[in-house]
Amino acid sequence: MDAPRWSARALSACVVAAALVVPGTAQAGARGFDDPVGDATSVDISHVRVVHRNAVKVSVRSAVPLDAGQVYAFWIDTGRGPRPTFHVSFRANSDFSSALAVVRSFGQRPVRTVRCSGMSAHADMFDDKPVSLRIPRRCIGDPKRVRVAVKFEDETTGSVDWAPERRTFTPWVVR
């Protein structure tokens, strides 16, 4: 009779340990950030998800449908000090260049560009998938942590929405 009780205790201890370990492991290198809905009109970011593993992937949900004339801009900060900040922008359903601009701060001209094979972007007005950008870590210097800023702009209406806020980065996402 002692053996079944011991097995039940051991099993419950393993279940509790697994429950404590698995969520932390599943979330390592990934964070989501909500953005207030209704703070912009033609473009309205509702959620940004950053996954930092073998690549940095930024997915952005909008509260309004994608449309022509919208520009999606991403800044990726790779750390304080001499590490650069990278910038990429593109339009829905258009060609995409595999070049990353290296910038010192928001709105500045690129210091240089970096070619990045394997970088991809998605912004399709005809599907419900989020706007996304995927950059292999090797293209941005294999950083241990990243933070991002996202800007959606409608060139027709002039509406702009930033996440998390205007010219502000998300908290750090550690690999």
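Quantities reported herein were computed from a predicted structural model and do not represent experimental measurements. Here the residue numbering is sequential within each chain, running from 1 through the sequence in written order. Local features in this predicted model are restricted to residues whose pLDDT is 70 or higher, and side-chain atom pairs enter the listing and the counts only when it is 80 or higher, whereas totals over whole chains, interfaces and linings include all residues. Hydrogens are left out, water is left out, and the side-chain values use all remaining heavy atoms of the structure.

## Things to note about the overall build of the protein
Link 1 in the chain: Counting its secondary structure elements, the protein contains 1 helix and 12 strands.
Link 2 in the chain: Only DSSP runs of H or I covering at least 4 residues are called helices, and only runs of E covering at least 2 are called strands; the numbering of each starts at the N terminus. Taken from N to C terminus, the helices and strands of the protein fall in the order α-β-β-β-β-β-β-β-β-β-β-β-β.
Link 3 in the chain: Working definition: with a 1.4 Å probe on protein chains only, accessible area under 20% of the residue-type maximum means buried, over 50% means exposed, and in between means partly exposed. A burial count over the protein gives 39% of its 175 residues as buried.
Link 4 in the chain: Taking as baseline every contact in the protein between residues at least 6 positions apart, the subset at least 24 positions apart corresponds to 53%.
Link 5 in the chain: Areas reported here follow the Shrake-Rupley algorithm with a probe of radius 1.4 Å; residue values treat only the protein chains shown as occluding. For the protein, the accessible area works out to roughly 10100 Å², and carbon and sulfur atoms hold 53% of it. Should any heavy atoms of two residues lie within 4.5 Å, those residues are counted as being in contact.

## Digging into the sheet that holds strand β1 (residues 30-34)
Link 1 in the chain: Two strands pair under a simple rule: DSSP has to find at least two bridges between them. Across the sheet, which stays open at both edges, the 5 strands sit in the order β1-β2-β3-β9-β8 with antiparallel pairing between neighbours. Across the chains shown, the open sheet's two edge strands, defined by having one partner strand only, are β1 and β8 (120-122). When the angles between neighbouring strand axes are averaged without regard to direction, this sheet yields 10°.
Link 2 in the chain: The pairing of β1 with strand β2 (residues 45-52) spans 5 bridges and is antiparallel. Its bridge partner lying in β2, Asp-34 is registered against His-47. Angles run from 0 to 180 degrees between N-to-C directions of axes, and those axes are lines fitted to C-alpha atoms, restricted for helices to the stretch in contact.

## Details of the state of the cysteines
Link 1 in the chain: Cysteine sulfur atoms that pair up within 2.5 Å are treated as a disulfide. Scanning the model with the defined rule gives 1 disulfide in all.
Link 2 in the chain: Residue pairing for Cys-116: its cysteine sulfur links by disulfide to Cys-139, the two sulfurs lying 2.1 Å apart. Taking the torsion about the S-S bond as the criterion, the Cys-116 to Cys-139 disulfide, at about 85°, is right-handed. Here the residue Cys-116 occupies a position in the loop between β7 (112-115) and β8, and Cys-139 occupies one in the loop between β9 (131-136) and β10 (145-154), the gap between them amounting to 23 residues.
Link 3 in the chain: Owing to a relative accessible area of 0%, Cys-116 belongs among the buried residues under this scheme.

## Looking at the packing of aromatic side chains
Link 1 in the chain: Between 30 and 60 degrees the pair is tilted, below 30 it is stacked and above 60 it is edge-to-face, where a pair is any two Phe, Tyr or Trp rings, Trp via its six-membered ring, whose centres lie within 6.5 Å. Going through the model one piece at a time under the given rule, you end up with 8 aromatic pairs.
Link 2 in the chain: Taking the centre distance of 5.1 Å and the plane angle of 65° together, the rings of Trp-75 and Phe-106 count as edge-to-face. One end of the pair, Trp-75, is in strand β4 (residues 70-77); the other, Phe-106, is in the loop between β6 (99-103) and β7, and 31 residues separate them in sequence. Exposure class is identical for Trp-75 and Phe-106. Each is buried.

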